[in-house]
Amino acid sequence: NQVTTQDGYILSLQRITSGRRGESATGGGGKVPVLLQHGLMMDGMTWLMNSPNESLGYILADNGYDVWIANTRGTVYSLGHTSLSSSDPAYWNWSWDELASNDLSAMLQYAYDQSGQQKVHYVGHSLGTLIALAALSDQQQHVSMLRSAGLLSPIAFLNKVSSPLTLAAADVFLAEALYWLGIDEFDPTGTAVHGLLTDICKLPGVNCYDLMSSFTGDNCCLDNSSVQTFLAHEPQASSTKNMVHLAQMIRRGIIAKYDYGDASDNIKYYGQATPPAYNVSAIPDGFPLFLSSGGRDSLSDVQDVRRLEQALKSHDSDTLTVQYLADYAHADFVLAGNAKERVYGPLMAFFRLQDK
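The rules behind the values
Residues numbered from 1 in each chain as written. Predicted model: local features only at pLDDT ≥ 70, side-chain atom pairs only at ≥ 80, totals over all residues. Heavy atoms only, no water. Helix = DSSP H or I, 4+ residues; strand = E, 2+ residues; numbered from the N terminus. Rg over C-alpha atoms; globule rule 2.2 N^0.38 Å. Buried < 20%, exposed > 50% of the residue type's maximum accessible area, 1.4 Å probe, protein only. Lys, Arg positive; Asp, Glu negative; His and termini not counted. Charge placed at Lys NZ, Arg CZ, Asp CG, Glu CD. UniProt positions renumbered as here; feature names shortened; annotations may be inferred. 1 Å grid on protein atoms, 1.4 Å probe; cavity = no way out; pocket = protein on both sides within 12 Å on 5 of 7 lines; lining within 4 Å. Contact = heavy atoms within 4.5 Å. Polar contact = N/O pair within 3.5 Å; in protein donor to acceptor, adjacent residues only side chain to side chain. Core = buried A, V, L, I, M, F, W, Y, C linked by side-chain atoms within 4.5 Å. Disulfide = S-S within 2.5 Å. Pairing = 2+ DSSP bridges. Right-handed = clockwise from strand over helix to strand, strands pointing away. Phe/Tyr/Trp six-rings, centres within 6.5 Å; stacked < 30°, edge-to-face > 60°. Lys NZ or Arg CZ within 6 Å of the ring centre and 35° of its normal.

### Observations regarding the overall build of the protein chain
A tally of helices and strands in the protein chain yields 13 helices and eleven strands. Rg of the C-alpha trace for the protein chain: 19 Å, near the compact-globule value of 21 Å for 356 residues, within the 12% margin. Overall size of the protein chain, expressed as C-alpha extent along the three principal axes, is 55 × 45 × 40 Å. Taking all 356 residues of the protein chain together, the buried fraction comes to 56%. Each charge class in the protein chain was averaged separately, 22 positive and 36 negative side chains, and the resulting centres sit 6 Å apart.

### Focus: the UniProt feature "active site" (unreviewed entry) in the protein chain
Taking the numbering used here, the UniProt-annotated feature "active site" (unreviewed entry) corresponds to S126, D297 and H330. Separation in sequence by 205 residues is not matched in space for these annotated residues, since their most distant C-alpha atoms are only 10.6 Å apart. Here the residues from the annotation list that line the largest pocket are S126 and H330. Checked against the element boundaries, S126 lands in the loop between strand 6 (120-125) and helix 3 (127-137). Judged by relative accessible area, which is 6%, S126 ranks as buried. When residues no more than four places from it in sequence are discounted, the contact partners of S126 are G39, L40, L152, S153, I155 and H330. One can find D297 in the loop between strand 10 (289-294) and helix 11 (302-311). For D297, the contacting residues outside a window of four places in its chain are S153, T216, Y328, A329, H330 and F333. Only 2.9 Å separates the side chain of D297 from the backbone nitrogen of L299, close enough to count as a polar contact.

### Overview of the nonpolar core
With 74 residues, the main nonpolar core has L35, W96, F173, I255 and L289 as its most contacted residues. Among the elements that make up this core, the one with the highest residue count is helix 2 (residues 96-114) (ten residues). The residues touching I255, leaving out its near neighbours within four places in the chain, are W96, L130, A156, F157, M249, A277, Y278 and V280.

### Quick look at the state of the cysteines
The full count for this structure, using the stated rule, is one disulfide. There is a disulfide in this structure between C220 and C221, and the S-S distance comes to 2.2 Å. Disulfide C220-C221: the torsion about the S-S bond is -95°, which places it as left-handed. Exposure remark for C220: the relative accessible area of 27% places this residue in the partly exposed category.

### Quick look at helix 3
Burial of helix 3 is extensive: eleven of the eleven residues sit out of reach of the surface. Those residues of helix 3 that fall on the buried side of the exposure criterion are L127, G128, T129, L130, I131, A132, L133, A134, A135, L136 and S137. Where helix 3 terminates, the next one or two residues include Q139, which has phi positive at roughly 55°.

### A closer look at the pairing of strand 3 (residues 33-37)
Among the five residues that make up strand 3, five are buried, leaving the element largely enclosed by the rest of the structure. What you see with strand 3 is no split at all: P33, L35 and Q37 on one side and V34 and L36 on the other are buried throughout. The sheet contact formed by strand 3 and strand 4 (residues 66-70) spans four bridges and is parallel. By the bridge assignment, L35 is partnered in strand 4 with W68. Assessed by its sense of winding, the connection that carries the chain from strand 3 through helix 1 (residues 56-62) to strand 4 is right-handed.

### Focus: the packing of aromatic side chains
Counted under the stated rule, the structure contains 16 aromatic pairs. When the centroid spacing of 4.1 Å and the interplanar angle of 10° are considered together, the rings of Y260 and Y269 count as stacked. In this structure an aromatic cluster arises from ring pairing among Y9, Y91, W92 and W94. Stacked on the ring of Y258, the Lys or Arg K241 has its end atom at 5.0 Å from the ring centre. In this arrangement the basic side chain of R307 is found over the ring face of F157, its NZ or CZ atom lying 3.8 Å from the centre.

### Some details on the environment of Y77
Structurally, Y77 can be placed in the loop between strand 4 and strand 5 (80-81). Y77 sits 34 residues away from A111 along the chain, and the two C-alpha atoms are 17 Å apart. When neighbours within four sequence positions are excluded, Y77 is seen to be in contact with S12, Q14, D43, M45, N71 and H233.

### Looking at the pairing of strand 7 (residues 146-152)
Within strand 7, seven of the seven residues are buried, which leaves the element mostly enclosed by the surrounding structure. Direction of pairing for strand 6 relative to strand 7: parallel, over a ladder of six bridges. Directly across from G124, in strand 7, lies its bridge partner L151. Bridging between strand 7 and strand 10 involves four bridges; their strand directions are parallel.

Printed below as a string of structure tokens:
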């Protein structure tokens, strides 16, 4: 399944219409659709990397949902564009602002239409949670197509990020933004990024012995085969502009649109000297949210998540479910062997409450 965004990016969606018991979802066949949105440097494979008993994409299908798996622009299955090639610098001129305003709305509209205009449950991991929070707080019209949002390892406020590697990278991006923006595509396997990591890993206090843990925190429950599958398929490319945008959030502690770094440029794009902020508190109090965070997560830090929960405190108690797993880190939410019992079971119970 392919869908084209309003700015011309051609995105791939995978669909799992039937579980292993075989009842399939035909258009409008009564199954409730779920859209799964991966995080940064990942793609839709995130949801299928473990065995069928352990991977959320398969588990949802086995439980009777019509599963849609998103792949955002720049990832291996979504490199198409109506007029640009991914080797054109202009192809990479976007940040997560566009993922929230364009990619999410296009994929959500498509899943909604294909499933007979049934409202959609959303599940995001990492950057996939930020995209949803931004879209919801902007009150975009496609929010009316959503039933609920499950946010795993939620990212909104980023100024308490505890990973020394991530903090050092953020400082480099901001200090050398002009150089990095000239690279356009942030390819984690390319020479520029390799050089960046090599330099950062020499800094005092940064331990790169286990690169994955250096970013995500100390994951409790990954088995070796899922990590090997992950490393074979990921990390996926992003835009450098997106990385600079995240670095701005880490250092400023606010959720706002991309800052062009110059008042006149910001005025050109936004009509004001500073980028507009996203107001998470504006998410409708009756909109059902499920937040699941981990105590060892160095990207979705406990203090930052608490600040997000504070911003949502006017939510009705029956529409905000908060789960905290003390031993989970960032990758556990999508790769842990026990996530089915610990995260996905409670998430589906939450969905069933909204499906009544």
